[in-house]
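# Structural description and commentary
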Amino acid sequence: MKPVTHILHHVRRQRGYFGIVLYQPKTIENLGVLIRSCGNFGAAFIATIGHRYHRSPGDTMNVMKHYPGFHFKTLHDCLLAVPVNADIVRVEVDGATELPNFIHPERAIYVLGGEDRSVPVIPCARSIKIDSRRCLNLHIAASIVMYDRNAKEVRYAAAIADRELDALKAVE
């Protein structure tokens, strides 16, 4: 019988991807920390709109050397480059769905705005919010979204693994 961890690993990374898009980040210094989080949580890419990335002390892994990064001058330019069949998810304080209730799409592009700016409404995009007393730092908000995606993915994979183990036990 396969160990549960093998089944979880196989199911967890089988399909889908996500990317993080930063709309006019307030400061570029936070980007290094966010890029490190993107690498740790498995983002397929990171993009900025309105600012270019320059390596900062928080980027201890020098992620952009090994990681796809994009820069767009405008939100419109970015939306033209969204992969086919990817869902755009706008993360904003006025989001329609609270993060704990959100079901992450298999292929997602999460768009987050700088601390002092809002992401404009994007037609056909889903929108989520993170319940907090005040506006969150951009890299914290993105890290929370990525953690939530991964945690829900693990729970889903565990449920599938449980069913597979039950099926294996039934055969024995």
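Residues numbered from 1 in each chain as written. Predicted model: local features only at pLDDT ≥ 70, side-chain atom pairs only at ≥ 80, totals over all residues. Heavy atoms only, no water.

With that out of the way, let us pick up the environment of Ala141. Here Ala141 shows up in helix α4 (residues 138-171). For the pair Ala141 and Lys129, spaced twelve residues apart in sequence, the C-alpha separation works out to 9.4 Å. The contacts of Ala141, once residues within four sequence positions are left out, are Leu112, Ile130 and Leu136. (Helix = DSSP H or I, 4+ residues; strand = E, 2+ residues; numbered from the N terminus. Contact = heavy atoms within 4.5 Å.)

Let us look at the pattern of salt bridges. Tallied over the full model, the rule gives four salt bridges. Linking Arg90 and Asp94 is a salt bridge whose minimum nitrogen-to-oxygen distance equals 3.1 Å. Asp148 is the salt-bridge partner of Lys152, the closest N and O atoms lying 2.9 Å from each other. Placement of the pair is Lys152 and Asp148 together in helix α4, with a separation of four residues, close to one helical turn. Across the pair, Asp148 and Lys152 agree in class, each one buried. (Salt bridge = Lys/Arg side-chain N within 4 Å of Asp/Glu carboxyl O. Buried < 20%, exposed > 50% of the residue type's maximum accessible area, 1.4 Å probe, protein only.)

Quick look at the layout of surface pockets now. The space that makes up the second largest pocket amounts to roughly 310 Å³. Surrounding the second largest pocket, 20 residues form its lining, Val91, Glu92, Val93, Cys135 and Leu136 being those nearest its centre. Mapped by element, the contributors of at least two residues to the lining of the second largest pocket are β6 (107-113) and α4. Along the lines of polarity and charge, the residues of the lining of the second largest pocket split into eight nonpolar, four polar and eight charged. (1 Å grid on protein atoms, 1.4 Å probe; cavity = no way out; pocket = protein on both sides within 12 Å on 5 of 7 lines; lining within 4 Å. Points joined across faces, edges and corners; volume = space filled by probe spheres on them. Nonpolar A, V, L, I, M, F, W, Y, C, P; charged D, E, K, R; others polar.)

With that out of the way, let us pick up the nonpolar core. Counting residues in hydrophobic clusters, the biggest one holds 24 residues, and the most contacted among them are Ile20, Leu34, Cys38, Ile46, Tyr110, Leu112 and Met146. Among the elements of the structure, β1 (17-23), α2 (31-41), β4 (87-91), β6 and α4 are those that each provide at least two residues to this core. For this core, the element with the most residues is α4, which contributes five residues. In this view, Cys38 contacts Ile20, Ala43, Ile46, Tyr67 and Met146; residues no more than four positions away in its chain are not counted. One finds Phe45, Ala47, Ile49 and Ile109 within the second-largest nonpolar core, a separate group that totals 15 residues. (Core = buried A, V, L, I, M, F, W, Y, C linked by side-chain atoms within 4.5 Å.)

With that settled, consider the confidence of the model for the protein chain. Low pLDDT marks stretches whose predicted atomic positions should not be read closely. On average, the protein chain scores 82 in pLDDT, and the residues at 70 or more come to 73%. Averaged over each element, pLDDT in the protein chain is lowest for helix α1 (residues 4-12) (45) and highest for β4 (97). Confidence drops under pLDDT 50 across residues 1-12; counting only partners more than four residues distant or on other chains, this segment forms 20 contacts. (pLDDT = per-residue confidence, 0-100.)

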